[in-house]
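Here are the chains, one letter per residue:
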Amino acid sequence: MLFINTRPDSRAAELTEALQNKGYQVESLPLLELVAQPFSDSLFQLYQQLVEAQAIVAVSPTAVDVGMQNLTQSGLKLHNLKHIQWIAVGQATANRLHEYGIEAHVPDVETSEGMLRLPILYNMQQKGSVAFWRGEGGRQFMMDTLQQQGIQILNFVLYHRQCPQDSYSTFKHLIQNSNYNLEKWLVLITSEASWKYWLELCLNNNVQPDCVYLVLGPRLFQLVKKYRDQQQVHFHIIQLENLSPSGMIHHIQAL
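The structure contained in this document is the topic of the report that follows. Position labels on residues start from 1 in each chain and follow its written sequence. Per-residue local features are limited, in this predicted model, to residues with pLDDT of at least 70; the limit for side-chain atom pairs, both in listing and counting, is 80 or more; totals at the level of whole chains, interfaces and linings are taken over all residues. With hydrogens and water excluded, all non-hydrogen atoms of the structure serve as input to the side-chain values.

Quick notes on the environment of Ser60
- In this structure, Ser60 sits in the loop between strand 4 (55-58) and helix 3 (61-74).
- Here's how the labels work: a residue is buried when its accessible area is under 20% of the maximum for its type, exposed when over 50%, partly exposed in between, all with a 1.4 Å probe on protein chains only. Using a relative accessible area of 4% as the deciding quantity, one classes Ser60 as buried.
- Sequence spacing of Ser60 and Thr93 is 33 residues, and the spatial spacing of their C-alpha atoms is 5.1 Å.
- By definition, residues are in contact when any of their heavy atoms lie within 4.5 Å. If sequence neighbours within four positions are ignored, Ser60 has contacts with Arg11, Leu34, Val89, Thr93 and Tyr159.
- Among the polar contacts listed, one links the side chain of Ser60 to the backbone nitrogen of Ala63, at a separation of 3.0 Å. Helical segments are the DSSP runs of H or I of at least four residues, strand segments are the runs of E of at least two, and each set is numbered from the N terminus. Here a polar contact means two N or O atoms within 3.5 Å. Within protein one must be a hydrogen donor candidate and the other an acceptor candidate, and residues neighboring in sequence count only if both atoms are side-chain atoms.

Brief notes about unusual backbone geometry
- Of note in the backbone geometry, Asn206 takes a positive phi value of approximately 55° without being a glycine.
- Tracing the backbone shows Asn206 in the loop between helix 9 (192-204) and strand 9 (212-216).
- Its identity as a non-glycine residue notwithstanding, Gln232 has a phi of 55°, on the positive side.
- Along the chain, Gln232 turns up in the loop between helix 10 (218-231) and strand 10 (236-240).

Focus: the environment of Lys225
- You can see Lys225 is positioned in helix 10.
- With eleven residues separating them in the primary sequence, Lys225 and His236 have C-alpha atoms 9.1 Å apart.

Topic: the sheet that holds strand 7 (residues 152-162)
- Strand order in the open sheet made by the five strands is 3-7-6-4-5, with mixed pairing throughout. The outermost strands of the open sheet, each flanked by one partner alone, are strand 3 (33-36) and strand 5 (85-88). Each adjacent strand pair in this sheet contributes to an overall mean axis angle of 25°, direction not counted.
- Strand pairing follows a simple DSSP-based rule, namely that at least 2 bridges must link the two strands. Pairing between strand 4 and strand 6 (residues 129-135): four bridges, direction parallel. Across the sheet, the residue bridging to Val57 is Phe132, located in strand 6. Fitted lines through C-alpha atoms serve as axes, helices being fitted only where they are in contact, and the angles separating the N-to-C directions of these axes extend from 0 to 180 degrees.

So, to be careful, I would describe these as geometric facts and stop short of saying anything about function.
See below:
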């Protein structure tokens, strides 16, 4: 079987190496790249409100880096935010915050649902406010859930997502290689956006997405399952609780 590692190149190496060490064939096909949004008047106004927030949710290492760059442009300093609790969507994001001297809360399950179960958010009173350092279209479910609980949201859209241009040609090369059969592909899907771009690649090349999918978390599992049911296609879906290489290898071996 062929494993398609769709993580960004900067985050794919550990998993690729672990799988290759187990004898699996791996192809890198990043489905997302993150491009910073220009610093705008609306972002400047949001940063002026940031000191009143109870928590900041950073959804990726990119969100941390762009957020900190913009913090400097806004005229604020990190010490202005020392009373604020920080939440990282995963350990990689927490590690990036640590480089700035910030200790963050990290959920056991690296999903929106996992973050919502963190005590700092679960027990937050309605008068609280939470800032999201995120990308365009990201973590909408989490923000909507908190708003329904009466929490004020400060929505920092710091970057947008796009499918890397090189991935279009890489995908075409893979499907044109007669040695590859999509039914024997294992494809990692870690976000709704990456699923959307994966389907776009399949559609553009007139191929059915009849692969085995390893998807992160129950909500993404349901999204992919809904597509399968609506399109009346047949493929296997495996739900991942996290992105640890050992856990992924366990699921692959079980196949």
